[in-house]
Amino acid sequence: MIHRSLRLITKEKRFMLSKTKKVKILCLLIFGFLAIFALSGSNRFARTAGAFSTGPPAGFSGAPGEGNCTSCHTPNANTGQFSIVAPASYMPGQTYQVTVRHQTADTSRKRWGFQLTALAGSTPAVNFGNLNGNTQIIDGAAGRKYIEHTLTGSFGNQTGGAFWTFNWTAPATNVGAVTLYAAGNEANNDGTSEGDQIYTATATIQPPATAPSDPVAFDFDGDGKTDISIFRPAPAEWWYSRSSDGGNRAAQFGQTTDRIAPADFTGDGKTDITFWRPSTGEWFILRSEDSSFLSFPFGTAGDIPVPADYDGDNKADPAIFRPSTQTWFILQSTGGTAIFQFGINGDIPVVADYDGDGKADAAIFRPGPGEWWIQRSTAGILAFQFGNSFDKPAQGDYTGDGKADVVFFRPSTGEWFVLRSEDSSFFSVPFGTSGDIPAPGDYDGDGKFDFGVFRPSSSTWFVSRSTQGILIAGFGINGDIPVPSAFIP
């Protein structure tokens with residue numbers, strides 16, 4: 001680009017300057033490289049080109065509402081390439097390297113420049129970082145920032161191309177897709193704005209993929225709410241009341257002595273009717289998609305089934321805890337079997353996602369001292385005392401922060417105790433009475449576990465929903481096992 005005043009300079013003046021100083025005036029007002037010159041005459045032209053020799057002023061990246069290098073340069077036919085190499089997606093707050101590159105076989109190209117900015121829609125999404133002296137960061141209007149070449153980074157007399165690498169830090173939150181806009185100049189280094197090759201390029205960085213919601217426990221119809229449901233041991237019948245439409249469903253699947261182990265093994269967002277057979281160590285899964293079933297051996301007599309999503313793919317993994325050796329066996333749906341020891345004799349498994357990373361954590365409740373030991377998948381082992389040997393562990397996310405809270409139900413008083421995952425403070429709530437069976441779950445679909453109990457004497461359910469108040473429903477008969485209590489000892 002050439003300032004108009006330069007076009008007033010006659011050939012005679014250029015000749016005089018060349019003859020006396022042997023100086024070739026280089027002027028790329030936007031991508032002006034190296035030249036330092038002064039214009040005489042009118043004060044309107046008193047500004048020197050030196051102000052722009054180390055990079056263009058802000059606002060010429062080719063972004064919406066901006067110009068590019070053609071605002072000042074008279075472009076020639078392009079023979080090269082200009083590109084932005086950027087990450088395909090970002091995680092909020094993470095830093096990535098971005099490269100802007102010129103490539104050409106035209107050996108007449110001997111000066112290089114660029115300017116780049118980043119926008120999420122029309123909102124600046126810029127936090128650049130220089131890696132060396134070849135780039136610099138400047139401020140523009142409306143909060144926009146730009147990164148561009150420096151004097152050193154114009155690579156004078158270099159042929160074949162040039163590139164610049166710098167850091168870009170993603171916004172602290174998900175702001176949607178971020179687009180990088182850049183304009184570039186492949187100049188011929190002839191001291192004028194004529195014959196340069198001007199390019200623009202864009203690259204879009206997608207926001208983090210929205211992970212599928214974690215399957216809601218004991219949700220048989222896939223509406224994001226726990227369903228009132230029972231297992232009737234004598235005929236091995238499963239009955240559940242669909243929260244989506246109030247209808248009842250039933251299936252005969254299993255034997256009286258089977259141990260129920262319902263979870264979403266297929267990843268369709270619906271709990272699959274599942275049992276584990278202690279006598280053979282065999283699993284039986286009735287697929288929610290088509291009511292077909294599969295079976296396979298995994299475990300042995302004396303084991304405790306503890307299915308959960310241990311590998312974070314939104315599919316429950318068949319798993320067992322072997323009390324005799326305190327060994328965990330996890331058949332991961334992503335491949336392989338995890339085997340490790342955790343706990344001591346007499347411990348009760350209390351699996352849940354305690355660190356909020358989307359993966360279930362191996363954990364135990366030690367009844368004697370009322371201790372909880374949690375092997376968090378991201379933050380190591382956590383241990384503390386909370387409860388006593390008569391309490392029923394009923395862990396789950398009762399506060400809605402994405403992390404399971406340490407929780408127990410005290411049968412003698414019908415009281416719930418919740419140790420908040422956020423700050424380790426606790427609260428207690430009376431809900432239930434002696435003889436009730438704890439059956440917690442997310443019955444209103446708000447992402448928080450609700451206190452729930454099944455009263456066998458009257459086959460009545462009582463649920464304290466966090467958004468919809470108390471639910472009282474008769475469902476089942478005496479002797480039924482409430483499915484939401486499947487993993488509560």
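All values reported here derive from a predicted model rather than from experimental measurement.

Caption draft 1: The arrangement of the confidence of the model for the protein in detail. Taken residue by residue, the protein gives an average pLDDT of 87. The fraction at 70 or more is 88%. Scored below 50 in pLDDT, residues 1-51 shows 112 contacts in the model against residues more than four places distant or in partner chains.

Caption draft 2: Local environment of the environment of Val-407. Along the polypeptide, Val-407 turns up in strand β28 (residues 406-410). For Val-407, a relative accessible area of 0% gives the class buried. Counting along the chain gives 20 residues from Val-407 to Phe-427, while the straight-line C-alpha distance between them is 9.9 Å. Apart from the residues lying within four places of it in its own chain, the contact partners of Val-407 are Trp-372, Lys-392, Pro-393, Ala-394, Gln-395, Gly-396, Tyr-398, Trp-416, Phe-417 and Val-418.

Caption draft 3: Molecular detail of the sheet that holds strand β29 (residues 415-419). The strand order β27-β28-β29-β30 describes an open sheet built from four strands, whose pairing is antiparallel. Each edge of the open sheet carries a strand with a single partner, namely β27 (392-393) and β30 (426-430). Sheet topology note: the β29/β30 ladder contains five bridges and is antiparallel. Bridging across to β30, Leu-419 finds its partner in Phe-426.

Caption draft 4: Just the nonpolar core, in detail. Ile-84, Phe-114, Leu-116, Phe-128, Phe-166 and Trp-168 are the most contacted members of the largest nonpolar core, which has 28 residues in total. Contributions of two or more residues to this core are made by β2 (81-85), β3 (95-103), β4 (111-120), β9 (161-169), β10 (178-187) and β11 (194-205). Sorting elements by how many residues they give to this core places β4 first, with five residues.

Caption draft 5: Fine view of the sheet that holds β9. In spatial order, the strands read β2-β3-β9-β6; together these four strands make up an open sheet with antiparallel pairing. Of all the strands in the sheet, the pair left with one neighbour each is β2 and β6 (128-129). In this structure, β6 lies alongside β9, joined through two bridges in antiparallel fashion. In the sheet register, Gly-129 faces β9, and the bridge partner there is Asn-167.

Caption draft 6: Here's a closer look at the packing of aromatic side chains. All chains considered together, the criterion is met by 27 aromatic pairs. Taking the centre distance of 6.4 Å and the plane angle of 25° together, the rings of Phe-218 and Phe-487 count as stacked. Of this pair, Phe-218 sits in the loop between β11 and β12 (228-232) while Phe-487 sits in the segment after β35 (481-482), and the two are 269 residues apart along the sequence. Among the aromatic side chains, those forming a connected cluster through ring pairs are Phe-114, Phe-128, Phe-155, Trp-164 and Phe-166. Residue placement shows Arg-101 over the ring face of Phe-163; its charged tip is 4.9 Å from the ring centre.

Caption draft 7: A look at the pairing of strand β34 (residues 469-474). Pairing of strand β33 (residues 460-465) with β34, which is carried by six bridges, proceeds in the antiparallel orientation. Note on β34: the bridge partner recorded for Val-463 is Leu-471. Two successive antiparallel strands, β33 and β34, enclose a turn made up of three residues.

Caption draft 8: Region of the structure containing the pairing of strand β16 (residues 273-277). Counting buried residues in β16 gives five out of five residues, a clear majority hidden from the surface. Because side chains alternate across β16, one face comprises the buried residues Ile-273, Phe-275 and Arg-277, and the other comprises Thr-274 and Trp-276, equally buried. Looking at chain direction, strand β15 (residues 259-260) and β16 are connected through two bridges and run antiparallel. Among the inter-strand pairings, Ile-260 is bridged to a residue of β16, identified as Phe-275. Across five bridges, β16 lies against strand β17 (residues 282-286) in antiparallel orientation. Within β17, the residue paired with Trp-276 across the bridge is Trp-283. Where β16 folds back onto β17 in an antiparallel hairpin, the turn is made up of four residues, including Gly-281, whose phi is positive at roughly 65°.

Caption draft 9: The arrangement of the environment of Ala-486 in detail. Within the secondary structure layout, Ala-486 lies in the segment after β35. Once the C-alpha coordinates of Ala-486 and Pro-438 are considered, the two residues, 48 residues apart in sequence, prove to be 10.0 Å apart. Apart from residues no more than four positions distant in its own chain, Ala-486 is found in contact with Phe-218, Ile-260 and Pro-262.

Caption draft 10: Quick look at the pattern of salt bridges. As enumerated under the stated definition, the model contains eleven salt bridges in all. With a closest N to O distance of 2.8 Å, Arg-144 and Glu-66 form a salt bridge. Highlighted residues: Arg-144 in the loop between β7 (135-139) and β8 (145-149) and Glu-66 in the loop between α1 (11-21) and β1 (74-75), separated in sequence by 78 residues. In this structure, Arg-144 and Glu-66 share a single accessibility class: buried. Residue Arg-242 pairs with Asp-245 through a salt bridge whose shortest N-O separation is 3.3 Å. Looking at Asp-245, the relative accessible area reads 48%, which means it is partly exposed.

Scoring rules and cut-offs
- Residues numbered from 1 in each chain as written.
- Predicted model: local features only at pLDDT ≥ 70, side-chain atom pairs only at ≥ 80, totals over all residues.
- Heavy atoms only, no water.
- pLDDT = per-residue confidence, 0-100.
- Contact = heavy atoms within 4.5 Å.
- Helix = DSSP H or I, 4+ residues; strand = E, 2+ residues; numbered from the N terminus.
- Buried < 20%, exposed > 50% of the residue type's maximum accessible area, 1.4 Å probe, protein only.
- Pairing = 2+ DSSP bridges.
- Core = buried A, V, L, I, M, F, W, Y, C linked by side-chain atoms within 4.5 Å.
- Phe/Tyr/Trp six-rings, centres within 6.5 Å; stacked < 30°, edge-to-face > 60°.
- Lys NZ or Arg CZ within 6 Å of the ring centre and 35° of its normal.
- Salt bridge = Lys/Arg side-chain N within 4 Å of Asp/Glu carboxyl O.

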